[in-house]
Amino acid sequence: MTDATAFEDVIAAISFNTDGLVPAIAQADGTGEILMMAWMNREAVLETLRTGRVCYWSRSRKGLWRKGETSGQMQRLKDFRVDCDGDTLLLIVEQDGVACHTGRRSCFYRAVRDGKLEVIQDVETDPSILYGHGHR
């Protein structure tokens, strides 16, 4: 089986949007914590399944984004799930360090409390250490 046909049934089950993308939610293996949401295209899905290292599609850079490539905060795939409609992916991952570019464990670090948006997670790693200057 070649790479092109190895995951044919998986690709066929995914309902990519008109831009050729599908939202992918990364969830921490073991704890169930939601870490982040990003986009994947066909190539990112295939690379992730083939290598076990999570790869997304960066809309701003218009290219593949191998999580941790710059920051070292890599995600290793533990389970790949497709929802009932095929329009959302759930990636169970083992996360090295923090998932968010702000240096927090999760991108979902703000919550509504008493009608106001509050920060509920502290920065764990200084983003300038992760990415250097000028990232994002």
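Residues numbered from 1 in each chain as written. Predicted model: local features only at pLDDT ≥ 70, side-chain atom pairs only at ≥ 80, totals over all residues. Heavy atoms only, no water.

S.K.: Explain the overall build of the protein here, please?
M.R.: Regarding its fold elements, the protein presents four helices and eight strands. Relative to a compact globule of 136 residues, whose C-alpha radius of gyration would be 14 Å, the protein shows 16 Å and is just as compact. The dimensions of the protein, computed from C-alpha atoms along their principal axes, are 50 × 35 × 30 Å. Counting the 136 residues in the protein, one finds 39% classified as buried. Considering only contacts in the protein between residues 6 or more positions apart, those separated by 24 or more positions represent 43%. Surface accessibility of the protein: about 7800 Å² in total, with carbon and sulfur atoms responsible for 48%. When the 17 basic and 20 acidic side-chain charges of the protein are each reduced to a single mean position, those positions are 5 Å apart. (Helix = DSSP H or I, 4+ residues; strand = E, 2+ residues; numbered from the N terminus. Rg over C-alpha atoms; globule rule 2.2 N^0.38 Å. Buried < 20%, exposed > 50% of the residue type's maximum accessible area, 1.4 Å probe, protein only. Contact = heavy atoms within 4.5 Å. Areas by Shrake-Rupley, 256 points an atom, 1.4 Å probe, with all protein chains shown as cover. Lys, Arg positive; Asp, Glu negative; His and termini not counted. Charge placed at Lys NZ, Arg CZ, Asp CG, Glu CD.)

S.K.: What am I meant to see in unusual backbone geometry here?
M.R.: Even without being a glycine, Lys62 presents a positive backbone phi close to 55°. Relative to the elements of secondary structure, Lys62 occurs in the loop between strand S3 (55–58) and strand S4 (63–66). For Lys62, a relative accessible area of 64% corresponds to the exposed category. Of note, Asp114 is a non-glycine position whose phi angle comes to about 55°, a positive value. The residue Asp114 is located in the loop between strand S7 (110–113) and strand S8 (116–119) in this model. Owing to a relative accessible area of 80%, Asp114 belongs among the exposed residues under this scheme.

S.K.: Teacher, can you tell me more about the UniProt feature "domain: Phosphoribosyl-AMP cyclohydrolase" (unreviewed entry) in the protein here?
M.R.: If you check UniProt for "domain: Phosphoribosyl-AMP cyclohydrolase" (unreviewed entry), the listed places come out as residues 36–109 in our numbering. Taken end to end, residues 36–109 has its terminal C-alpha atoms 10 Å apart, with 14% of it in helix and 38% in strand. (UniProt positions renumbered as here; feature names shortened; annotations may be inferred.)

S.K.: Would you explain the UniProt feature "binding site: Zn(2+)" (unreviewed entry) in the protein in this entry?
M.R.: If you check UniProt for "binding site: Zn(2+)" (unreviewed entry), the listed places come out as Cys84, Cys100 and Cys107 in our numbering. Annotated residues spanning 24 residues; largest pairwise C-alpha distance 27.4 Å, indicating distribution over more than one region. Examined against the element boundaries, Cys84 turns out to sit in the loop between strand S5 (75–82) and strand S6 (89–95). Relative to the helices and strands, Cys107 is located in the loop between S6 and S7. Once you skip the residues sitting within four places of it in the chain, Cys107 turns out to touch Leu35, Met36, Ala99 and Cys100.

S.K.: Sorry, what's going on with the pattern of salt bridges here?
M.R.: Where charged atoms of side chains with opposite charge meet at close range, the side chains can pair. As enumerated under the stated definition, the model contains seven salt bridges in all. Residue Glu33 is joined to Arg105 by a salt bridge in which the shortest nitrogen-to-oxygen separation is 3.3 Å. A residue pair is termed long-range when its members are at least 10 positions apart, and Glu33 in the loop between strand S1 (22–28) and strand S2 (34–40) and Arg105 in the loop between S6 and S7 qualify at 72 residues. The class of Glu33 is partly exposed, set by a relative accessible area of 25%. Across the pair Arg66 and Glu47 runs a salt bridge whose closest N-O atoms are separated by 2.7 Å. (Salt bridge = Lys/Arg side-chain N within 4 Å of Asp/Glu carboxyl O.)

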